[in-house]
Amino acid sequence: MLFLKEFAKAGWPAKIGMAVILVYLFCAIFAPLIAPYAETEVIITSPWVSAEESGTLLGLDQLGRDLWTRVLYGARNTITIAIVITLLAFFIGMAAGFFAAVVGGLTDQLLSRIVDIIMAFPTLFFALIVLSILGTSVPVLIVVIAILDSTRVFRISRALAMDISVMDYVEVAKLRGEGLWWIMRREVLPNALTPLIAEFGLRFCFVFLFISALSFLGLGIQPPAADWGSMVRENAAAITYGIMTPLVPALAIAILTIAVNLVVDWFLRKTSGLRDEV
Amino acid sequence: MRSKRDVGAGERLLTMRGLRIDGFTDDRWLPIVKGVDLHLDRGEVLGLIGESGAGKSTIGIAAMGYARPGCRISGGEIDFDGIQILGAAPAELRAVRGARIAYVAQSAAASFNPAHRLIDQYAETPVQHGILSYPEAAANAKDIYRRLDLPNPDQIGFRYPHQVSGGQLQRAMVAMAMSCKPDLIVFDEPTTALDVTTQIEVLAAIKDIVRQFNTAAIYITHDLAVVAQLADRIMVLRHGLTVEEGGARAMLAAPKEEYTRKLLAVRTFTKAAADESESATVLEVDNVWARYGGTDAGVNVLEEVSLKVGRKTTVAIVGESGSGKSTLARAITGLLPPFEGRVLFNGRELPASCRRRNKNLLRHLQMIYQMPDVALNPRQKIRDVIGRPLSFYFGMHGAERAARVRELLEMIELSDDFKDRYPPELSGGQKQRVCIARALAARPELIICDEVTSALDQLVAEEILKLLHRLQEELGITYLFITHDLATVKAIADEIVVMLQGRIVEHGKKEEVLTPPHHEYTDLLLSSVPEMDPDWLDNLLQKRRAA
């Protein structure tokens, strides 16, 4: 409730961003109801039939499937997987980060160095190697990207928890005899939550782009499931004929990313106490 | 170079008329300073005093045309030597700031750039303003360092800020403010963060230098005794309004307003002497040694510390920063296990580390901290802060717990509706009361109070001391009171332990320690506490020089 009340006072960029996100979520959830065709249904067996010719909203793709249907299902597949990955990454990263900061000493050193090693490899490169070894099923995709992304979350969580764990109230809890889990959950987490929520929005964008990138390279979500990244790749050749088809999924990616960023920006400004000049 | 000091004292330098400053809180502008008039002549020292939130620092900064982030100057006028500060062009302000009005902040350690040498930071302003060349500024610096009585004035400027002591750094900051020979210096609580013995050095240096250069000064502090040593005139502020204004001596001798009288009469509370009968020992510290950084390397912070604390008594541990008094608290609570020696509680030896102590032992030893802001989790409601020890130690839930929380709130003289508030919504004194309630919730035998009053305003601190005393009477709690403030000690202690460099130098009943003959160090500590007498500093310095 409080969130809604505060959000009502936000500027128009954040409101537009939020509206776009809600539309996307609506599409993702109700894709089977909105979509005029089935996800993999072929309408005319020739590539890139235009909208007028096929009588569809956005025309057909390279295999003659309805592009609008594919975009809707793409939202469903990509957004769901991205949210699951981000949640998992945050769970792993926050748990490890808080643990390292509160316990400190050798545990902290060990965890931090492991994270350093993982971060030393370029993420895409690392993901490509692991995925080509393990194969690309959705669960493997989720776990691999979540672990790679959790390193960033670990860094932030650890830094935040470091600041919090030197506070006297954490010492009070330790002297009371509280367990580690209680300290992490009740003393550290509530105080680290705001920056982490803002980070959640940003990480979601990165994960989302990352999946799209992997799909574009052929190691993400596998055909025939619809996914914006692979849709761009599969239809890329069309651009040479002056056909706009690949731009539609690309725009879908770009607009969602911008929308999430607009909301995150508002949230960051709201919570960090920074204000524009008054 | 602009000629200065060609005009005599007595000429009006700064005038503020109807100054209003707003702060932005909860999405609206609320007044912080509500129309204050202030004037200052050349060479005059004006003391601004008041509690936190009185608006004194805000006024000080406004003299340079600044408002803190989230604040705005909303009305009034500021005239500095013919220049209208409000509404002046940026270039005009730039010429005034630093060169003609300088500012000395409370924490020198936070105000110096740790990456540059002191002398370079000294020279920065005059060179920037084109008043002096670097060699001239450097030569000046050495002269000022000498006048401020800094040791080794020719070389000290080439050190980095972390290489000199706190008091020296604060004096280097005063030197820096002097670098352009300004007409006005704003001192914002420059000695509040210092120990009493160091405070003397800085006060003496400030007093000397403003006299020598005939500099006007606004001296902001919450300590009336400090301002009494320096100010020609005193302004008492409260809630953004002037309460009383007048000559320093006249005001100290005969304050007109009730509020000023209260400030002057602070620390009238004294605990009655404990009965002579020896009470049972609750806590015994036996030959404790402690050090940071492992047992092999590192410096000892505690050396053969032994003391006994009797039931229902208050033992005060006094010393300057770095004397090891807080480390002693950490050794007793088991946060820093001593590498030698024992801590006994009711005759039983405690495991050295708090992790190996059981719930019941932990329950009996509670702590109250210096900064109530960071001792309370800002995201927990007061009912959870106080309620957690109840469910943790006694398994209380639901109505039983709620009833006990109400009872504890009553004990600390807060109404029941505080239970649904969050700590940031409370004032400093109220927060400290909640910390006390949290400690009481565990039904402890001993409470360690680590500088519990030093972050509070004096009137509030006094209330807290009275509360602690009342609770001791009612509940029979034993206090170990760690403090650097001798006024607090005089008020509440039964026994005094004086610590210096990790060792106990004097230990005894309050009356014994406070009556001469003292240990040399105790004497230094006691004589360094500022008194309301305006001549106190001069007399003291004379006496010390003679000795």
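Source: prediction; values computed, not measured.

**Quick word on the overall build of chain A**
Here is step 1: If you tally the helices and strands in chain A, you get 11 helices and zero strands.
Here is step 2: Going from the N terminus to the C terminus, chain A shows its helices and strands as α-α-α-α-α-α-α-α-α-α-α.
Here is step 3: For chain A, the proportion of its 278 residues judged to be buried stands at 45%.
Here is step 4: Across chain A, contacts joining residues at least 24 apart in sequence account for 72% of those joining residues at least 6 apart.
Here is step 5: The positive charge centre, built from 19 side chains, and the negative charge centre, built from 21, are 7 Å apart in chain A.

**A short note on the pattern of salt bridges**
Working definition: two side chains of opposite charge can pair if their charged atoms are close together.
Residue and element names in this part refer to chain B.
Here is step 1: Tallying each qualifying case throughout the model produces 47 salt bridges over all chains.
Here is step 2: For R146, the salt bridge identified is with D154, shortest N-O distance 3.1 Å.
Here is step 3: What makes R146 partly exposed here is its relative accessible area of 44%.
Here is step 4: You can call D154 partly exposed: its relative accessible area is 34%.
Here is step 5: Several salt bridges converge on common partners, so that one network encompasses E11, R42, D81, R100 and D183.

**Description of the sheet that holds strand β4 (residues 71-80) of chain B**
Here is step 1: With antiparallel pairing, the four strands of this open sheet are ordered in space as β2-β1-β4-β5 (chain B). Whereas interior strands pair on both sides, the edge strands pair on one side only; in this sheet they are β2 (28-41) and β5 (83-84) of chain B.

**Observations concerning the packing of helix α14 (residues 382-394) of chain B against helix α15 (residues 398-411) of chain B**
All names here are of chain B.
Here is step 1: The interhelical angle for the contact between α14 and α15, taken along N-to-C directions, is 115°, at an axis separation of 10 Å. Considering the angle they form, α14 stands roughly perpendicular to α15. The crossing of α14 and α15 is right-handed. When α14 is examined against α15, the residues I382, R383, D384, I386, G387, R388, L390 and S391 are found in contact with a partner set consisting of R401, R404, V405, L408 and L409.
Here is step 2: Class assignment for the residues of the contact of α14 with α15 results in six nonpolar, two polar and five charged.

**Brief notes about the domain arrangement of chain B**
Size of an interface: often given as the accessible area lost when the parts come together.
All names here are of chain B.
Here is step 1: Domain boundaries in chain B define domain 1 (12-264) and domain 2 (281-515).
Here is step 2: Taking the mean C-alpha position of each, domain 1 and domain 2 sit 36 Å from one another.
Here is step 3: Taken together, the contact pairs nine residues of domain 1 with five residues of domain 2.
Here is step 4: Across the domain 1 to domain 2 interface the summed buried area is about 790 Å²; carbon plus sulfur atoms make up 45%.
Here is step 5: Looking only at domain 1, the three residues that lose the most surface to domain 2 are E51, D195 and H222, adding up to 50% of its buried area.
Here is step 6: Counting the contacts that link domain 1 with domain 2 gives zero salt bridges.
Here is step 7: Between the two partners, domain 1 and domain 2, sit one residue pair in polar contact (both at pLDDT 80 or more).

**Quick look at the interface of chain A and chain B**
Here is step 1: Contacts between the two partners involve 18 residues from chain A and, on the opposite side, 23 residues from chain B.
Here is step 2: Both sides of the chain A and chain B interface together cover about 1,900 Å² of buried area, and 55% of this is carbon and sulfur.
Here is step 3: Of all residues in chain A, D168, L175 and R176 of chain A bury the most surface against chain B, accounting for 33% of the area lost on that side.
Here is step 4: The interface formed by chain A and chain B contains two salt bridges.
Here is step 5: Here R330 of chain B ties to E171 of chain A by a salt bridge, and the two come within 3.4 Å at their closest N and O atoms.
Here is step 6: Linking chain A to chain B there are 11 residue pairs in polar contact (both at pLDDT 80 or more).

**Notes on helix α5 (residues 134-147) of chain B**
Residue and element names in this part refer to chain B.
Here is step 1: Under the 1.5 Å per step criterion, the end-to-end length of α5 is 20 Å for 14 residues, consistent within 8% with the ideal 20 Å.
Here is step 2: Within α5, the full set of buried residues consists of A137, A138, A141, I144 and Y145. Along the long axis of α5, the arc covered by the buried residues comes to 125°, so they all point the same way.
Here is step 3: Looking at the packing, one finds that the buried side of α5 touches α4 (118-128), α6 (166-178) and α7 (196-213).
Here is step 4: Note on α5: the residue one or two positions beyond its end, D149, has a positive phi of about 65°.

**Topic: the environment of S74 of chain B**
Residue and element names in this part refer to chain B.
Here is step 1: Tracing the chain through its elements places S74 in strand β4.
Here is step 2: Residue S74 is classed as partly exposed on the basis of its relative accessible area, which comes to 38%.
Here is step 3: Here the alpha-carbon distance between S74 and L86, two residues 12 residues apart in the chain, equals 9.9 Å.
Here is step 4: Contacts of S74, omitting those with residues within four sequence positions, involve R20, I21 and D22.
Here is step 5: One polar contact links S74 to D22, side chain to side chain, over a distance of 3.4 Å.

**Comments concerning the environment of I83 of chain A**
Here is step 1: Within the secondary structure layout, I83 of chain A lies in helix α4 (residues 67-103).
Here is step 2: Remark: the alpha-carbon pair of I83 of chain A and P32 of chain A, spanning 51 residues in sequence, is separated by 20 Å.

**Brief notes about the environment of R311 of chain B**
Residues and elements named next belong to chain B.
Here is step 1: Structurally, the position occupied by R311 is in the loop between β12 (300-310) and β13 (314-318).
Here is step 2: Exposure remark for R311: the relative accessible area of 34% places this residue in the partly exposed category.
Here is step 3: R311 sits 166 residues away from I477 along the chain, and the two C-alpha atoms are 7.3 Å apart.
Here is step 4: Those residues in contact with R311 that lie beyond four places of it in its chain are S279, A280, V282, N346, E445 and T478.
Here is step 5: Looking at R311, its side chain comes within polar contact range of the side chain of N346, at 3.3 Å.

**Some points on the pairing of strand β19 (residues 495-500) of chain B**
On a regular strand, each side chain points to the face opposite its neighbour's, so the side chains alternate between the two faces of the sheet.
Residues and elements named next belong to chain B.
Here is step 1: The element β19 is largely enclosed, with a buried count of five among its six residues.
Here is step 2: Bridge count for β13 against β19 is four bridges, and the pairing is parallel. Looking across to β19, one finds that I317 is bridged to V497.
Here is step 3: Bridge count for β19 against strand β20 (residues 503-509) is six bridges, and the pairing is antiparallel. Its bridge partner being in β20, L500 is matched across the sheet by R503.
Here is step 4: Count of turn residues in the β19/β20 antiparallel hairpin: two residues, of which Q501 carries a positive phi of about 45°.

**Some thoughts on the packing of aromatic side chains**
Here is step 1: For the structure on display, the rule yields 12 aromatic pairs over all chains.
Here is step 2: Ring pairing ties together the aromatic residues Y24, F204, F208 and W228 of chain A, which thus form one cluster.
Here is step 3: The ring of Y66 of chain B carries R97 of chain B above its face, with NZ or CZ at 3.6 Å from the centroid.
Here is step 4: In this arrangement the basic side chain of R421 of chain B is found over the ring face of F418 of chain B, its NZ or CZ atom lying 4.3 Å from the centre.

Rules behind the numbers
Residues numbered from 1 in each chain as written. Chains lettered and ligands numbered in written order. Predicted model: local features only at pLDDT ≥ 70, side-chain atom pairs only at ≥ 80, totals over all residues. Heavy atoms only, no water. Helix = DSSP H or I, 4+ residues; strand = E, 2+ residues; numbered from the N terminus. Buried < 20%, exposed > 50% of the residue type's maximum accessible area, 1.4 Å probe, protein only. Contact = heavy atoms within 4.5 Å. Lys, Arg positive; Asp, Glu negative; His and termini not counted. Charge placed at Lys NZ, Arg CZ, Asp CG, Glu CD. Salt bridge = Lys/Arg side-chain N within 4 Å of Asp/Glu carboxyl O. Pairing = 2+ DSSP bridges. Axes fitted to C-alpha atoms, helices over the stretch in contact; angles between N-to-C directions. Parallel < 35°, antiparallel > 145°, perpendicular 65-115°, else oblique. Left-handed = near helix turned anticlockwise from the far one by under 90°. Nonpolar A, V, L, I, M, F, W, Y, C, P; charged D, E, K, R; others polar. Domains from an automatic or database assignment. Buried area = accessible area lost by both parts, 1.4 Å probe. Polar contact = N/O pair within 3.5 Å; in protein donor to acceptor, adjacent residues only side chain to side chain. Expected span 1.5 Å × (residues − 1). Arc of directions from axis to C-beta. Phe/Tyr/Trp six-rings, centres within 6.5 Å; stacked < 30°, edge-to-face > 60°. Lys NZ or Arg CZ within 6 Å of the ring centre and 35° of its normal.

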